[in-house]
Amino acid sequence: MNNPEFLGNGDKVAIVAPARKISRDEIDAAVCWLQKTGFTPVFDDSLFESDNQFAGNDRHRARLINNYLRDDEIKALWCARGGYGSVRIIDDFDVAAFLEKPKWIVGYSDVTVFHGKIQSLGFQSIHGTMPINVKNCDIKSLNSLYDALTGKKLSYTIPSSTMNIPGKAEGELVGGNLSVLYSMLASDSFPNTNGKILFIEDLDEYLYHIDRMMMALQRAGALDNIVGLVVGGLTDMHDNAVPFGKTAEEIVLEHVQHRGYPVCFGFPAGHQNLNCALRLGSNITLSVASSVTLQFQ
């Protein structure tokens with residue numbers, strides 16, 4: 001897939017809120033980080049609108065994003081936080097403006113909706129930490145985000161999990177939050193997984209929900225023709241009074257263990273302090289052996 005223009009010193013990064021509302025003090029650390037790294041943060045008071053749990057009503061949030069898409073000086077849109085709400089405005093995303101001047105869309109969790117849309121247009125986007133996380137996230141998360149934005153080669157090597165399925169695969173990396181991917185099934189925002197390496201992560205779900213979502217992906221054929229699977233954080237999972245009987249990782253493994261492609265568990269991305277940036281839509285090489293390597297091309 002094509003990549004938007006990489007960023008250089010002084011380039012402008014707009015902070016946007018496509019979902020849950022955000023306050024000024026919650027982005028202060030991110031604004032400081034942008035300035036220290038040589039970028040120019042862009043936002044105004046419209047970022048802090050409130051409509052119950054949302055950062056303003058749907059029309060307001062979509063208009064703010066589209067205004068930045070139409071601004072030639074903006075090189076990236078950094079989503080302030082997740083929560084819920086991106087799906088409510090994705091159909092108002094100004095595709096023509098994006099295609100005329102593609103920009104990096106950055107975020108994770110609920111931002112998965114935008115990643116899917118961007119990949120459907122043939123462009124890369126960045127799954128990475130968000131402004132609300134900057135105060136407490138691991139410095140490696142920010143360093144990797146800087147590298148992703150500026151076009152540096154991304155390469156990660158991590159210890160291998162005993163649950164991994166060894167092998168090697170090459171393909172475009174797509175995916176994001178499992179719950180959001182599940183909500184996108186049968187829409188034009190759901191990524192084409194054929195011949196791709198799929199990445200998933202999730203937070204705060206019941207174990208049977210993880211099974212339900214994996215079943216849905218399986219029944220939709222989304223797991224049939226991928227060439228590899230990267231599983232990020234599956235954190236803060238819940239069980240019922242009557243135990244489901246498997247961990248979240250074991251549930252995922254049950255659905256893919258006989259498919260013949262490499263599977264990596266425990267990749268440091270998702271709802272956790274160490275959230276390594278991933279250029280979704282980029283070609284990668286996944287090698288799962290005594291250690292795991294993700295090499296971005």
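Notes on the structure follow. All figures in this text were calculated on a predicted structure; none of them were measured in a lab.

**Some points on the pairing of strand β4 (residues 104-107)**
Part 1 of the reasoning: Across the two faces of β4 the burial is the same, with W104 and V106 and I105 and G107 all buried.
Part 2 of the reasoning: Bridge count between strand β3 (residues 74-79) and β4: 3 bridges; the pairing is parallel. Each bridged residue has a counterpart across the sheet, and for L77 the counterpart in β4 is I105.
Part 3 of the reasoning: Crossover handedness for the path β3 to helix α3 (residues 95-100) to β4: right-handed.
Part 4 of the reasoning: Alignment of β4 against strand β5 (residues 125-127), held across 2 bridges, turns out to be parallel. Its bridge partner being in β5, V106 is matched across the sheet by I126.
Part 5 of the reasoning: Between β4 and its parallel partner β5, the chain crosses via helix α4 (residues 112-120), and the hand of that crossover is right-handed.

**Things to note about the packing of aromatic side chains**
Part 1 of the reasoning: Summed over the entire model, instances satisfying the criterion amount to 11 aromatic pairs.
Part 2 of the reasoning: Relative to Y84, the ring of F54 lies with its centre 6.2 Å away and its plane at 50°, an arrangement referred to as tilted. Taken together, the positions of F54 in the loop between β2 (40-42) and α2 (58-69) and Y84 in the loop between β3 and α3 put the pair 30 residues apart, joining distant regions of the chain.
Part 3 of the reasoning: In this structure Y84 comes out as partly exposed when scored by relative accessible area, which is 38%.
Part 4 of the reasoning: Both rings, one in Y206 and one in Y208, keep their centres 6.2 Å apart while their planes meet at 45°; by these two values the pair is tilted.
Part 5 of the reasoning: Since its relative accessible area comes to 34%, Y208 is described here as partly exposed.
Part 6 of the reasoning: Each member of the aromatic cluster is reached from another via a ring pair, and the members are F93, F98, F114 and F123.

**A few points about the layout of surface pockets**
Part 1 of the reasoning: The volume enclosed by the largest pocket comes to roughly 390 Å³.
Part 2 of the reasoning: Lining the largest pocket we find 21 residues, and of these G82, G83, S109, D110 and H271 sit closest to its centre.
Part 3 of the reasoning: Of all the elements in the fold, those that place two or more residues in the lining of the largest pocket are α6 (178-184) and β8 (197-203).
Part 4 of the reasoning: It is α6 that contributes the most residues to the lining of the largest pocket, 3 residues altogether.

**What to know about the packing of helix α7 (residues 207-219) against helix α8 (residues 248-256)**
Any two packed helices are characterised by how steeply their axes cross, that is the angle between the axes, and by the distance between the axes.
Part 1 of the reasoning: Direction vectors running N to C along α7 and α8 enclose 20°, while the axes themselves pass 9 Å from each other. With respect to α8, the element α7 is oriented roughly parallel. Seen along the crossing, α7 lies across α8 with a hand that is right-handed. Contacts from L207, I210, D211, M214, M215 and Q218 of α7 reach α8 at A248, I251, V252, E254, H255 and V256.

**Re the pairing of strand β7 (residues 167-177)**
Part 1 of the reasoning: Taken across its 11 residues, β7 has 8 buried, putting it largely inside the fold.
Part 2 of the reasoning: Where β7 meets β8, 5 bridges bridge the pair, whose relative direction is parallel. Within the sheet, the bridge partner assigned to G176 lies in β8 and is I200.

**A look at the nonpolar core**
Part 1 of the reasoning: In terms of nonpolar packing, the biggest core is built from 97 residues, with W78, L229, F267 and L278 touching the most fellow members.
Part 2 of the reasoning: Leave out the neighbours within four places in its chain, and L278 touches S125, I126, H127, Y156, L173, F199, F267, A269, L294 and F296.

**What to know about the sheet that holds β3**
Part 1 of the reasoning: Strands sit in the order β2-β1-β3-β4-β5-β11 across an open sheet of 6 strands; the sheet is mixed. The open sheet has two edge strands, β2 and β11 (278-280), and neither has a second partner. Within the sheet, the average angular offset between the axes of one strand and its neighbour, ignoring direction, is 25°.
Part 2 of the reasoning: Across 3 bridges, strand β1 (residues 12-16) lies against β2 in parallel orientation. Bridge assignment links A14 to a residue of β2, and that residue is V42.
Part 3 of the reasoning: Each of β4, β5 and β11 touches α4; the most contacted strand, β5, lies at about 150° to it.

Cut-off values and rules
- Along each chain, residues carry numbers from 1 onward, in the same order as the chain's sequence is written.
- Totals for whole chains, interfaces and linings use all residues, but because this is a predicted model, local features are given only for residues with pLDDT of at least 70 and pairs of side-chain atoms are given and counted only at 80 or more.
- Neither water nor hydrogens contribute to the side-chain values; these are computed over all heavy atoms in the structure.
- Only protein chains enter the accessibility calculation, which uses a 1.4 Å probe; a residue whose area is less than 20% of its type maximum is buried, one above 50% is exposed, and one in between is partly exposed.
- Secondary structure elements follow DSSP: runs of H or I no shorter than four residues count as helices, runs of E no shorter than two count as strands, and numbering proceeds from the N terminus.
- When DSSP finds at least two bridges between two strands, those strands are taken to pair.
- Here, the term right-handed applies to a crossover whose path from the first strand over the helix to the second runs clockwise when the strands point away from the viewer.
- The rule is short: rings of Phe, Tyr and Trp, with Trp giving its six-membered ring, pair when the centres are within 6.5 Å, and they are stacked under 30 degrees, edge-to-face over 60, tilted in between.
- Grid spacing is 1 Å over the protein atoms alone, the probe is 1.4 Å, and a cavity is where that probe fits but cannot get out, while a pocket is an open set with protein on both sides within 12 Å along at least five of seven lines and lining residues have an atom within 4 Å of a point.
- Grid points are joined across faces, edges and corners, and a volume is the space filled by probe spheres set on the points.
- Throughout, an axis means a line fitted to C-alpha atoms (over the contacting stretch in the case of helices), and angles, computed between N-to-C directions, take values from 0 to 180 degrees.
- Orientation categories follow fixed angle ranges, with anything under 35 degrees roughly parallel, anything over 145 roughly antiparallel, 65 to 115 roughly perpendicular, and all other angles oblique.
- In this scheme the crossing of two helices becomes right-handed for a clockwise turn of the near helix relative to the far one and left-handed for an anticlockwise turn of less than a right angle.
- Whether two residues touch is decided by their heavy atoms; if any such pair falls within 4.5 Å, the residues are in contact.
- Buried residues of nine kinds, namely Ala, Val, Leu, Ile, Met, Phe, Trp, Tyr and Cys, make up a nonpolar core once their side-chain atoms join them within 4.5 Å.

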